[in-house]
Amino acid sequence: FGYFGLAGARTHSTRPVVAVMSAARCCRIGSSFASRSCLGGRMRQLPVLSVVDDLRASWHRRTRSFSTSSAGSYDVAIVGGGVMGSSIALHVVSAAEGRGLRVVVVERDPTYEWASAPRSAGGIRQQFSLPVNVELSLYGVEFLRSGLQEICSGLGVDTDVQFRENGYLILAPPGSGEEALRANVATQHACGATWVSLLGPAELETRFPFLSTDGIALGAFGERNEGYFDPWALLQAMRKGALARGVEYIAKDVVALERGAGRGGASIERLRLADGSTLSAGVVVNAAGPFGGRLVDSLGAGVAPIPVVPRKRSVFLVRVGAEGAGGRPKPPDNTPLTIDASGAYFRSEGMGGRFICGTSPRPEDDRDCHDLEVLRHADEALFEETIWPAIAARAPAFEALRVVASWAGFYEYNTLDQNGIVGWHPDVPNLLVSCGFSGHGLQQSPGVGRACAELLLQGKYQTIDLTCLGVERILKNEPVFERGIY
């Protein structure tokens, strides 16, 4: 599921109260980067390459050549200026510093009113089942702790994203749910996230006395390096860092990508904008989030589509009274982001007994959402019929609550396997895809931004191997399933 937080609430403007986190694992080993394969196992160490020496020549050999630098012509054009697009831009120009790369980000909404990240509760966890997702979030934690500050050093950018290290608590029922949770944690430990602990019902009630463990066989708790942060702060820091390093942001809507007769007719030659103007670029990056599928569709017949569609997610801000209900205390102000076995979630929001909560709709109710008007109102029936009963059963203090605000946001949904799609599109030599993250794009944006920069500047992954998330699996209809999608 996706998390949409206070920045997008029309009736509430308070920023989350957050704190600085402790150290996370550093991916750099000496003068080399440690690289892991997508499905686990350490790969050989790869030397850090010269960033853009001979870049134009190497891209020409790969048919991803630069355009001639002129007005309206760029080396790299990124469609979508949210956290993913801004992270890619920042990582590219930082790695290519001093090389004169012309990078443009085209973002249709410079206010980010309807962008997913500013409406996000900012969760980050290593509790996934696929090693590649664990690795991406390990780098994400490192980036929040120090990487963002380093990459923006000397630029006058505020890099405090206010990480609150309260952890994730994932609850599982007996049977297959418990077995899956144990397997997930074993994978996390193998990847280095040894701080995730398994807790039985008695331990859960001791550490989290507000919980009822009825129907729960096991919990997994991230003791550190997990929690939530201010997504607006991360977006603005990466965007301002990219701008300070020379990236151009254009406030326009890309309505189509157009191929031409040049370069064999397969490559993108123009980006058509809503006002009728065009841009050209040597490489185009699809970081259009929930509209990434529609962007690929604009290329027309002969280009395989990607299964990324916009969905709606609703979130509710509630307040619990001073006294707990149901014979248990109310959850504290440092409550972890708790995911119930039902799929409903809740976590504390600042001080004073405030919490945000939500869940994914039932599959039959989870429809594509292309109309902004649909997002102007949260799904109140979902709260009354599903969310409130579920969280009250798990934390009885929620029996007595008041809804303070509610809002909805876009969720970029990969209908094949709910994992991100990252890599070159086989049908379009100069199209790099980076979308479809299905609720975990915010926390993975630093790692994916770095990975895309590696592909663009060095021709291959140097740190985390994202090959298994490539477009090829889409064309072959070979899903890579992640059990940690809720």
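Owing to the predicted nature of the structure, the values given are computational and were not obtained by experimental measurement.

## Comments concerning the packing of helix 3 (residues 131-151) against helix 6 (residues 231-244)
Alright, step 1. It is at 12 Å that the axes of helix 3 and helix 6 come closest, and there the two elements cross at 25°. The orientation of helix 3 with respect to helix 6, classified from their angle, is roughly parallel. Of the two possible hands of crossing, helix 3 and helix 6 adopt the one that is left-handed. For the pair helix 3 and helix 6, the contacting residues are F143, L144 and L148 in the first and L234, A237 and M238 in the second.

## Comments concerning helix 8 (residues 380-394)
An α-helical turn contains 3.6 residues, so a residue and the one three or four places further along point in the same direction.
Alright, step 1. With 15 residues, helix 8 should reach 21 Å at 1.5 Å per residue; the first-to-last C-alpha distance of 20 Å fits that figure.
Alright, step 2. I387 marks the point of greatest bend in helix 8, at about 40°, and the proline P389 comes within the next four residues.
Alright, step 3. Inspection of helix 8 places L382, F383, I387, A390, I391, A392 and R394 among the buried residues, and these make up the whole buried set.
Alright, step 4. Elements that come into contact with the buried residues of helix 8 comprise strand 7 (168-172), strand 15 (308-320), strand 17 (345-348), strand 18 (354-358) and strand 19 (401-414).
Alright, step 5. If you check the start of helix 8, you find a side-chain oxygen 3.3 Å away from the backbone N of A381, and it comes from D379.

## Some thoughts on the environment of S280
Alright, step 1. With respect to the helices, strands and loops of the structure, S280 is situated in strand 14 (residues 278-286).
Alright, step 2. The exposure class of S280 is partly exposed, given its relative accessible area of 21%.
Alright, step 3. Separated by 208 residues in sequence, S280 and G72 place their C-alpha atoms 6.4 Å apart.
Alright, step 4. Side-chain polar atoms of S280 contact the side chain of S73, separated by 3.2 Å.

## With respect to the environment of P307
Alright, step 1. Note on placement: P307 falls in the loop between helix 7 (292-297) and strand 15.
Alright, step 2. Classification of P307 as buried rests on a relative accessible area of 19%.
Alright, step 3. Here P307 is in contact with Y413, N414, T415, L416, I421 and I474, once residues within four sequence places are set aside.

## Some points on the packing of helix 2 (residues 83-95) against helix 3
Alright, step 1. Where helix 2 meets helix 3, the closest approach of the two axes is 13 Å, and the angle between their N-to-C directions is 55°. Taken together, the axes of helix 2 and helix 3 are oblique relative to one another. Considering how the two elements wind past one another, helix 2 and helix 3 form a crossing that is left-handed. Of the residues in helix 3, those touching helix 2 at L90, H91 and S94 are Y139, F143, L148 and I151.
Alright, step 2. Among the residues making up the contact of helix 2 with helix 3, the classes are represented as five nonpolar, two polar and no charged.

## Considerations on the sheet that holds strand 8 (residues 196-199)
Alright, step 1. Strand order across the open sheet formed by eight strands is 8-9-7-16-17-18-15-19, with mixed pairing between neighbours. Each edge of the open sheet is held by one strand with a lone partner, namely strand 8 and strand 19. Adjacent strand axes in the sheet meet at a mean angle of 20° when their direction is disregarded.
Alright, step 2. Sheet topology note: the strand 16 (residues 337-339)/strand 17 ladder contains two bridges and is antiparallel. Bridged to T338 within strand 17 is F346.

The rules behind these values
Within every chain, residues take consecutive numbers counted from 1 along the sequence as written. Local features in this predicted model are restricted to residues of pLDDT 70 or higher, and side-chain atom pairs are both shown and tallied only at a pLDDT of 80 or more, whereas totals for entire chains, interfaces and linings draw on every residue. With hydrogens and water stripped out, all remaining heavy atoms of the structure feed into the side-chain values. Lines are fitted to the C-alpha atoms to define the axes, a helix being fitted only along its stretch in contact, and any angle between axes, read from their N-to-C directions, falls within 0 to 180 degrees. Each helix is a run of H or I in the DSSP string that is no shorter than four residues. Each strand is a run of E no shorter than two, and both are numbered from the N terminus. Angle categories: roughly parallel below 35 degrees, roughly antiparallel above 145, roughly perpendicular from 65 to 115, and oblique for all the rest. The handedness criterion is simple: a crossing whose near helix is rotated anticlockwise from the far helix by less than a right angle is left-handed, and one whose near helix is rotated clockwise is right-handed. Note on definitions: a residue-residue contact is assigned when non-hydrogen atoms from the two residues lie within 4.5 Å. Multiply 1.5 Å by the residue count of a helix minus one, and that product is the helix's expected span. Two axes enter the bend calculation: one fitted to the seven residues ending at the residue in question, the other to the seven starting there, and the bend is the angle between them. Only protein chains enter the area calculation, which uses a 1.4 Å probe; residues under 20% of their type maximum are buried, those over 50% are exposed, and those in between are partly exposed. What qualifies as a polar contact is a pair of N or O atoms within 3.5 Å, subject to a donor-acceptor requirement within protein and to the restriction that residues adjacent in sequence count only when both atoms come from side chains. All amino acids are sorted into three groups, where Ala, Val, Leu, Ile, Met, Phe, Trp, Tyr, Cys and Pro are nonpolar, Asp, Glu, Lys and Arg are charged, and the leftover types, Gly among them, are polar. Strands were regarded as paired on the criterion that DSSP finds at least two bridges between them.

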